[in-house]
Amino acid sequence: GTFRGISAHYSGDGFSDMHFEVRAVPPGEFTAWVQATRAGARPLNAARYAELARQSQHDAPSTFSAVEDGLFQAILTQRLAPGPGPAPEPHPGAPSTLQEH
């Protein structure tokens, strides 16, 4: 069957829109999906991880054919920099940073 899901971890702007579907399929169908995904030519490497780490909203689900050796350890030990986070928003009453001429 197909089941609806929602992100339960606050992860920034747009987190409340993080809905997804989970499909429970027979083992043979899952195995075929894994094989088709692995046959693709889109590995998760440091460059693609950097793209994923940027702030975004309403991204389509993605799959990767393989994971670069050592990528998890590089992320965990922050040899790869974390994403930049959201841009700061001005607070009401805060002085303007714009200079008038």
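Quick caveat: nothing in here was measured; it's all calculated off a predicted structure.

> Hey, could you run me through the confidence of the model for the chain in this one?
Caution is warranted with low-pLDDT regions, since their predicted coordinates should not be read in detail. Overall, the predicted model of the chain reaches an average pLDDT of 85, with 86% of residues at or above 70. No element of the chain has a lower mean pLDDT than strand β2 (residues 19-23), which averages 90, and none a higher one than helix α1 (residues 27-39), which averages 96.

> What should I look at first to understand the pattern of salt bridges in this one?
Pairing is possible between side chains of opposite charge, provided their charged atoms come close. Applying the stated criterion to the full structure yields 1 salt bridge. E29 serves as the salt-bridge partner of R23, at 2.9 Å between the closest nitrogen and oxygen. On the basis of relative accessibility, which here comes to 55%, the residue R23 falls in the exposed class. Looking at E29, the relative accessible area reads 39%, which means it is partly exposed.

> Any chance you could explain unusual backbone geometry here in plain terms?
Glycine aside, the phi torsion of most residues is negative, and most peptide linkages are trans. Even without glycine at this site, Q78 takes up a positive phi of about 60°. Locating Q78 in the fold gives a position in the segment after α3 (71-76).

> Please explain the environment of T63 as it appears in this structure.
When you line up the elements, T63 lands in the loop between α2 (46-53) and α3. Along the sequence, T63 and P43 sit 20 residues apart, while their C-alpha atoms lie 8.6 Å from each other. Beyond its immediate sequence surroundings of up to four residues, T63 is in contact with W33, T37 and R42.

Thresholds applied
- Residues numbered from 1 in each chain as written.
- Predicted model: local features only at pLDDT ≥ 70, side-chain atom pairs only at ≥ 80, totals over all residues.
- Heavy atoms only, no water.
- pLDDT = per-residue confidence, 0-100.
- Helix = DSSP H or I, 4+ residues; strand = E, 2+ residues; numbered from the N terminus.
- Salt bridge = Lys/Arg side-chain N within 4 Å of Asp/Glu carboxyl O.
- Buried < 20%, exposed > 50% of the residue type's maximum accessible area, 1.4 Å probe, protein only.
- Contact = heavy atoms within 4.5 Å.

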